[in-house]
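Spelled out, the chains give:
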Amino acid sequence: MISNTRYIELARTYGTPLFVYDADLMLERYNDLFRFIPHEKLNIHYALKANYNPALLTILRDAGAGIDAVSPGEVVLALELGFAPEKIIYTANNMTDAEFDRVMKTGVTVNIGSLSRLKKCAANYPGARICLRFNPDVCDGDNVMTMTGGDLTKFGILLTDADEAKKIADSGNLHIVGLHEHTGSGLQHAESVLKSMDNLMAIATKERFSELEFLDFGGGFKVPYKEDEPRIDYVAMGKQITEKFDGFCKNYGKELLMRFEPGKFLSAECGTLIMEVNTIKHNRSRVIAGCNSGFPQLIRPVLYCAYHRIENLTNPDGEEKLYDVCGNICETGDRFAEQRSLPEIREYDLLAVKNAGAYCYSMGSVYNLRPMPAEVVVHNGNVADFRPALTDQELVAQILRK
């Protein structure tokens, strides 16, 4: 774990705002999954959309991870970083014909989630090896915007359309080597994982899909964001997952690969955004701590009303007071926290926003023409990679294409 003293040292060296990633913690979470789910043929495909930092991806590649990609750009990045095509699964939705064609030419496994796209694949790529994504008919997650199962979602083929999907695939002699489902992000209930597995395995019969090599149960493993939030008992859940999958394989008559696609679980806790307080404003009933970062650099609180722990690195023992921790963007909603009890914040204090390793930098923008922060990766106690922020001039040059 990176100490507060080390965070301060990194901020002084590289400036703020600054994303710091603890690669050792990310690897610990990666290895945790193999400890939790003791299946001999478990494959972990990291959801690249959570964080595309090249140094982190390279470390995961060397640890044996695969990639879950959701755009042609993510496929290109994974291939450029040395991930073998067979270690990449492409699970886009509402893809264009041109996107589909580009990805099919790379040799990665394509995961198809609609009958419409499946028909086009059968017509244009006869004999291709593919995966089918089904809607698990289970709705769970920590926010309605990230729940990917059930009637309201755009994702996946209906389970009741399994025979129709097989008929379409047969028309083009497609080889269905995998089935996939994903319930949501930040799953709240262990039974949701198990129920979604049951629903997918119920249609994965040898009579219907005789060439299966793997079942992919998506990601969404929850991590604690609040101080008092308990951790899920993944040891108990993993035992149930393994027993359930072993029973399925026995009935299927073949030992299949079991795949999961965690993003947040691997990278959320490894990331911290360090920012500097530049303004303290007493605004009648509120005390506002203004910082040199803003919601384009960490959008989850504004987008999802998500909670991120905040620590005062430079005055940790100060008297507890209530603050609205605000950013530097021209929006009233530009808050990292509202009425949060924190040790007294002074101008030029350094604040650390925790659990900032997933869906923070990767969802960032340059709104208000403020460049995204620099990134530092710490591995084995040393700085393994530093990616500087663009200067204002470099950002404008990109816009003007100079």
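Residues numbered from 1 in each chain as written. Predicted model: local features only at pLDDT ≥ 70, side-chain atom pairs only at ≥ 80, totals over all residues. Heavy atoms only, no water.

1. Re the environment of K264
You can see K264 is positioned in helix α10 (residues 264–267). A relative accessible area of 6% means that K264 is categorised as buried. Here the alpha-carbon distance between K264 and F36, two residues 228 residues apart in the chain, equals 16 Å. (Helix = DSSP H or I, 4+ residues; strand = E, 2+ residues; numbered from the N terminus. Buried < 20%, exposed > 50% of the residue type's maximum accessible area, 1.4 Å probe, protein only.)

2. What about the confidence of the model for the chain?
Put simply, the chain has an average pLDDT of 93, and 95% of its residues get 70 or more. Confidence drops under a pLDDT of 50 for residues 141–149, and excluding neighbours within four residues, the segment shows 31 contacts in the predicted structure. (pLDDT = per-residue confidence, 0-100. Contact = heavy atoms within 4.5 Å.)

3. Observations concerning the pattern of salt bridges
All told, the structure shown has 23 salt bridges when counted by the stated rule. As a salt-bridge pair, R29 and D32 come within 3.1 Å of each other at their nearest N and O atoms. Highlighted residues: R29 and D32, both in helix α2 (residues 23–36), separated by three residues, approximately one helical turn. Judged by relative accessible area, which is 10%, R29 ranks as buried. Judged by relative accessible area, which is 10%, D32 ranks as buried. A single network of salt bridges, built from pairs that share partners, joins E28, R29, D32, R35, R231 and E269. (Salt bridge = Lys/Arg side-chain N within 4 Å of Asp/Glu carboxyl O.)

4. Considerations on the pairing of strand β5 (residues 109–112)
Because side chains alternate across β5, one face comprises the buried residues T109 and N111, and the other comprises V110 and I112, equally buried. The pairing of strand β4 (residues 88–90) with β5 spans two bridges and is parallel. By the bridge assignment for β5, I89 is matched with T109. One crossover worth recording links β4 to the parallel β5 by way of helix α5 (residues 97–104), and it is right-handed. Relative to strand β6 (residues 129–135), β5 is paired through three bridges, and the arrangement is parallel. For V110, the partnering residue across the bridge sits in β6 and is I130. (Pairing = 2+ DSSP bridges. Right-handed = clockwise from strand over helix to strand, strands pointing away.)

5. As for a negative patch on the surface
Judged by side-chain charge, E40, E243, D246 and E255 come together as a negatively charged surface patch. Within the element layout of this structure, E40 appears in the loop between α2 and β2 (42–47). (Patch = residues over 30% accessible without salt bridge, like charges linked within 9 Å, V, L, I, M, F, W, Y side chains within 5 Å. Areas by Shrake-Rupley, 256 points an atom, 1.4 Å probe, with all protein chains shown as cover. Lys, Arg positive; Asp, Glu negative; His and termini not counted. Charge placed at Lys NZ, Arg CZ, Asp CG, Glu CD.)

6. A few points about the packing of aromatic side chains
Taken as a whole, this structure holds 18 aromatic pairs when the rule is applied. Counting every residue linked through ring pairs, the aromatic cluster contains F36, F217, F221, Y234, F245, F248, Y252, F260 and F265. When the ring centre of Y252 is taken as reference, the NZ or CZ atom of K206 above it lies at 5.0 Å. For the cation-ring pair, K226 lies above Y307, with the distance from its terminal atom to the ring centre recorded as 5.5 Å. (Phe/Tyr/Trp six-rings, centres within 6.5 Å; stacked < 30°, edge-to-face > 60°. Lys NZ or Arg CZ within 6 Å of the ring centre and 35° of its normal.)

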